[in-house]
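Survey of secondary and tertiary structure
Now for the letters of each chain:
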Amino acid sequence: MTTGEVVVEILSLDDVNERHRELLDDVGVSISELRDRAREYELTIDELEVLRKLERFEFLAGR
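Residues numbered from 1 in each chain as written. Predicted model: local features only at pLDDT ≥ 70, side-chain atom pairs only at ≥ 80, totals over all residues. Heavy atoms only, no water.

1. Focus: the packing of helix α2 (residues 31-39) against helix α3 (residues 45-61)
What counts, and what does not: Convention adopted: a line fitted to C-alpha atoms gives each axis, helices being fitted over their contacting stretch, and angles between N-to-C directions are expressed from 0 to 180 degrees. Numbering of helices and strands runs from the N terminus; a helix is a DSSP stretch of H or I covering at least four residues, while a strand is a stretch of E covering at least two. By the definition adopted for this analysis, an angle is roughly parallel if under 35 degrees, roughly antiparallel if over 145, roughly perpendicular if from 65 to 115, and oblique otherwise. For any helix crossing, the convention is left-handed if the near helix is rotated counterclockwise from the far helix by under a right angle, and right-handed if that rotation is clockwise. By definition, residues are in contact when any of their heavy atoms lie within 4.5 Å. In this classification, the charged set is Asp, Glu, Lys and Arg, the nonpolar set is Ala, Val, Leu, Ile, Met, Phe, Trp, Tyr, Cys and Pro, and all remaining amino acids, among them Gly, are polar.
At a minimum axis distance of 10 Å, the contact between α2 and α3 shows a crossing angle of 125°. Judged on the interaxial angle alone, α3 and α2 are oblique. Helix-helix and strand crossings are classified by hand; for α2 and α3 the assignment is left-handed. Counted together, I31, L34, R35, R37 and A38 of α2 and E47, V50, L51, L54, E55 and E58 of α3 form the full contact between these two elements. For the contact of α2 with α3, the class distribution of residues is six nonpolar, no polar and five charged.

2. Overview of unusual backbone geometry
Cut-off, in case you're wondering: Here's how the labels work: a residue is buried when its accessible area is under 20% of the maximum for its type, exposed when over 50%, partly exposed in between, all with a 1.4 Å probe on protein chains only.
Residues other than glycine seldom take positive phi values, yet Y41 does so here, at roughly 60°. Considering the arrangement of structural elements, one finds Y41 in the loop between α2 and α3. Judged by its relative accessible area of 77%, Y41 falls in the exposed class.

3. Brief notes about the nonpolar core
How we decide: We call a set of buried residues a nonpolar core when its members are Ala, Val, Leu, Ile, Met, Phe, Trp, Tyr or Cys and they connect through side-chain atoms within 4.5 Å of each other.
The biggest cluster of nonpolar side chains holds 10 residues, and these are V16, L23, L24, I31, L34, L43, V50, L51, L54 and F57. Residue assignment for this core shows that the elements contributing at least two residues are α1 (13-27), α2 and α3. At four residues, the largest contribution of residues to this core is made by α3. Beyond its immediate sequence surroundings of up to four residues, I31 is in contact with H20, L24, L51, L54, E55 and E58.

4. Let's talk about the pattern of salt bridges
Inclusion rule: Between Lys or Arg on one side and Asp or Glu on the other, a salt bridge is scored when a side-chain nitrogen of the former is within 4 Å of a carboxyl oxygen of the latter.
The tally for this structure, following the rule as stated, stands at seven salt bridges. Of the charged contacts, one joins R35 and E58 as a salt bridge, the two residues approaching to 2.6 Å between their closest N and O atoms. One end of the pair, R35, is in helix α2; the other, E58, is in helix α3, and 23 residues separate them in sequence. Judged by its relative accessible area of 13%, E58 is buried. Look at the salt bridges and you will find they share partners, linking R35, E55 and E58 into a network.

5. A look at the side chain of N17
With respect to the helices, strands and loops of the structure, N17 is situated in helix α1. With relative accessibility at 18%, the residue N17 sits in the buried group. Those residues within four positions of N17 in sequence are excluded, and the remaining contacts are A61 and R63.

Keep in mind that these numbers describe shape and distance, not what the molecule does.
Put into structure tokens, the structure is as follows:
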């Protein structure tokens, strides 16, 4: 039986905002565009994962 190592990363609000911007830059569209496309089931699996990450960052930032 193996046990995994738990890694906890502490992010500042600046870190959260920076990662959010980087993800948006990587996909080249706004989060609202991603959400619109998600509602229409038009996202690739990679784009869906980016949207999920963006929404987690928004939650952490209190948006």
